[in-house]
Amino acid sequence: MLKDFREFALRGNVIDLAIGVIIGAAFGKIVDSMVADVIMPLIAGIFGTVDFSNLYASLGPQIAAGTSYADAKKAGAVLGYGQFLTYVVNFMIVAFVLFIVVKALNELQKRVTAEKAAEAPAPAPAADTVLLTEIRDLLAAKR
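Here's a quick rundown of the structure.

The rules we used
Residues numbered from 1 in each chain as written. Predicted model: local features only at pLDDT ≥ 70, side-chain atom pairs only at ≥ 80, totals over all residues. Heavy atoms only, no water. Helix = DSSP H or I, 4+ residues; strand = E, 2+ residues; numbered from the N terminus. Rg over C-alpha atoms; globule rule 2.2 N^0.38 Å. Buried < 20%, exposed > 50% of the residue type's maximum accessible area, 1.4 Å probe, protein only. Contact = heavy atoms within 4.5 Å. Areas by Shrake-Rupley, 256 points an atom, 1.4 Å probe, with all protein chains shown as cover. Lys, Arg positive; Asp, Glu negative; His and termini not counted. Charge placed at Lys NZ, Arg CZ, Asp CG, Glu CD. Expected span 1.5 Å × (residues − 1). Salt bridge = Lys/Arg side-chain N within 4 Å of Asp/Glu carboxyl O. Patch = residues over 30% accessible without salt bridge, like charges linked within 9 Å, V, L, I, M, F, W, Y side chains within 5 Å.

**Some details on the overall build of the protein**
Thinking step 1. Within the protein, the secondary structure is distributed over five helices and two strands.
Thinking step 2. In sequence order, the protein lays out its α and β elements as α-α-β-α-β-α-α.
Thinking step 3. By the compact-globule yardstick of 15 Å for 143 residues, the protein is too spread out, its C-alpha radius of gyration being 32 Å.
Thinking step 4. Based on the C-alpha atoms only, the size of the protein along its principal axes is roughly 105 × 55 × 25 Å.
Thinking step 5. The proportion of buried residues among the 143 residues of the protein is 14%.
Thinking step 6. Restricting to contacts in the protein with at least 6 residues of sequence separation, those with at least 24 account for 43%.
Thinking step 7. Accessible area for the protein stands at about 11600 Å²; split by element, carbon and sulfur atoms hold 69% of it.
Thinking step 8. Measuring between centres, the 13 positive side-chain charges of the protein sit 4 Å from its 13 negative side-chain charges.

**A few points about helix α5 (residues 127–142)**
Thinking step 1. In this model, α5 (16 residues) spans 23 Å end to end at C-alpha, consistent with the 22 Å of a helix rising 1.5 Å per residue.
Thinking step 2. Among the 16 residues that make up α5, zero are buried, leaving the element largely open to the surroundings.

**A few points about the pattern of salt bridges**
Thinking step 1. Scanning the model with the defined rule gives two salt bridges in all.
Thinking step 2. Glutamate 107 serves as the salt-bridge partner of arginine 111, at 3.8 Å between the closest nitrogen and oxygen. On the criterion of helical spacing, the pair formed by arginine 111 and glutamate 107 is a turn pair, its members being four residues apart in helix α4 (residues 81–119).
Thinking step 3. For arginine 136, the salt bridge goes to aspartate 137, with nearest N and O atoms at 3.2 Å.
Thinking step 4. Judged by its relative accessible area of 53%, arginine 136 is exposed.
Thinking step 5. Assessed through its relative accessible area of 41%, aspartate 137 is described here as partly exposed.

**Re a nonpolar patch on the surface**
Thinking step 1. A cluster of nonpolar side chains, contributed by Leu10, Ile15, Ile19 and Ile23, occupies part of the molecular surface with about 380 Å² of accessible area.
Thinking step 2. Along the chain, the position of leucine 10 falls in the loop between α1 (2–9) and α2 (12–47).

**Some words on the environment of alanine 75**
Thinking step 1. Relative to the assigned elements, alanine 75 resides in helix α3 (residues 69–75).
Thinking step 2. With 20 residues separating them in the primary sequence, alanine 75 and alanine 95 have C-alpha atoms 35 Å apart.
Thinking step 3. Setting aside anything within four residues of it in sequence, one finds alanine 75 in contact with Gln62 and Ile63.

Shown next, in the form of structure tokens:
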């Protein structure tokens, strides 16, 4: 049983998946930083607020103005559109980067396939084709 587990855990697919998860976690931190430190301040400059996580709409009269989003959630029903906006921007960045990566990989794969096709020697003609070509050439020489 231990041997079977070791073979499973050391197969290429499992290791590739583990590497993908680790790189994905690191990439998530990069995207979070880009959104929080670069994009959201630009959007904040346009809309006039710096902290989007505290943007919400109160759905009840019991929440005082200026209350943080976390405190407002405890006090009553609120619509936290600031967090949603941040997550949408995160998603758009990740989707765009993945689009660019997949597009680049597809282009690279096309180039490699084209290079292999150009490097590959022409397939040898079949034996009957060679024989028929020789017969044709002999008949053409007799004329």
